[in-house]
Amino acid sequence: GAALVKLGKNEEAILCFDRAIQINPNNETYYHKKATALASLGKYQEALVCCDKAIQINPDSGMYHHNKGAALIMLGKNEEAVLCLDRAIQLNPKYGYFYFDKGVALLNLGKYQEALLCCDKAIQAHPHVQNFHSMRAFLAQKLESSKSSN
């Protein structure tokens with residue numbers, strides 16, 4: 001399944017993960033990878049079900065909480081996403097992508113200052129990721145324009 005995902009064959013990958021889950025329904029990795037394939041196809045609600053199953057099996061994986069948060073962002077459920085991403089950060093505070101996605105959710109909620117702080121933490125963890133710097137510049141501009149309109 002994972003090889004098929006890398007090849008962009010997500011539908012086929014999902015079938016493989018379904019078979020793997022039938023064989024070993026307690027392997028959270030299969031649910032996690034299936035969720036990733038589903039999200040790649042824009043099937044975020046289905047991905048959430050798999051994320052929840054992976055978290056149920058292993059609640060201590062920051063990546064599983066992160067993927068759930070990312071799916072929630074895509075569904076427009078930003079408040080819930082922030083909670084999932086907070087949990088991911090609690091479990092793995094040095095992974096900048098968790099902060100970045102939390103920043104995206106906060107941006108969607110209009111909480112620019114909090115989002116900017118998340119971008120700063122993402123940049124601190126991974127200074128060479130250009131998207132983090134671009135998002136930070138965008139947020140700084142949003143904050144500046146909101147100050148000047150007040």
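Refer to the preceding data block for the structure.
What you are looking at is a predicted structure, and each value in this text was computed from that prediction instead of being measured.

Bringing the nonpolar core into the picture now. Counting residues in each nonpolar core, the largest one holds 29 residues, and the members touching the most others are Ile73, Phe100, Phe132, Met135 and Leu139. Among the secondary structure elements, those contributing two or more residues to this core are α4 (44–57), α5 (62–74), α6 (78–91), α7 (96–108), α8 (112–125) and α9 (130–148). Here this core gets 7 residues from one element, more than from any other, and that element is α7. Among all residues touching Ile73, those that are not within four sequence positions of it are Asn78, Ala81, Leu85, Asp101, Val104, Ala105 and Asn108.

This model, assessed by the stated rule, comprises 4 aromatic pairs. Seen from their ring centres, Tyr95 and Tyr97 are 5.3 Å apart, and the 40° between their planes marks the pair as tilted. Look at Tyr95 and you get partly exposed, because its relative accessible area is 26%. Given the relative accessible area of 33%, Tyr97 is considered partly exposed. Grouped by ring-pair contacts, the aromatic residues Tyr95, Tyr97, Phe98, Phe100 and Phe132 constitute a single cluster.

As a further point, take the packing of α6 against α7. At a minimum axis separation of 9 Å, α6 and α7 run at an interaxial angle of 160°. With respect to α7, the element α6 is oriented roughly antiparallel. Here the hand of the crossing between α6 and α7 comes out left-handed. Facing Asn78, Ala81, Val82, Leu85, Asp86, Ala88 and Ile89 of α6, the residues of α7 in contact are Phe98, Tyr99, Asp101, Lys102, Ala105, Leu106 and Asn108. Here the residues of the contact of α6 with α7 are counted per class, giving 9 nonpolar, 2 polar and 3 charged.

A separate point is the pattern of salt bridges. Enumeration according to the criterion identifies 6 salt bridges in this entry. Between Lys102 and Asp86 there is a salt bridge, with its nearest N and O atoms 2.5 Å apart. Of the two residues, Lys102 sits in helix α7 while Asp86 sits in helix α6, which places them 16 residues apart along the sequence. Between Asp120 and Arg136 there is a salt bridge, and its shortest N-O distance comes to 2.4 Å. Taken together, the positions of Asp120 in helix α8 and Arg136 in helix α9 put the pair 16 residues apart, joining distant regions of the chain.

Turning next to the state of the cysteines. The full count for this structure, using the stated rule, is 0 disulfides. This cysteine, Cys16, is not joined by any disulfide, and Cys50 carries the nearest cysteine sulfur, 14 Å off. No disulfide involves Cys119; its nearest neighbouring cysteine sulfur is the one of Cys118, lying 7.3 Å away. With relative accessibility at 0%, the residue Cys119 sits in the buried group.

Quick notes on the rules
- Residues numbered from 1 in each chain as written.
- Predicted model: local features only at pLDDT ≥ 70, side-chain atom pairs only at ≥ 80, totals over all residues.
- Heavy atoms only, no water.
- Core = buried A, V, L, I, M, F, W, Y, C linked by side-chain atoms within 4.5 Å.
- Buried < 20%, exposed > 50% of the residue type's maximum accessible area, 1.4 Å probe, protein only.
- Helix = DSSP H or I, 4+ residues; strand = E, 2+ residues; numbered from the N terminus.
- Contact = heavy atoms within 4.5 Å.
- Phe/Tyr/Trp six-rings, centres within 6.5 Å; stacked < 30°, edge-to-face > 60°.
- Axes fitted to C-alpha atoms, helices over the stretch in contact; angles between N-to-C directions.
- Parallel < 35°, antiparallel > 145°, perpendicular 65-115°, else oblique.
- Left-handed = near helix turned anticlockwise from the far one by under 90°.
- Nonpolar A, V, L, I, M, F, W, Y, C, P; charged D, E, K, R; others polar.
- Salt bridge = Lys/Arg side-chain N within 4 Å of Asp/Glu carboxyl O.
- Disulfide = S-S within 2.5 Å.

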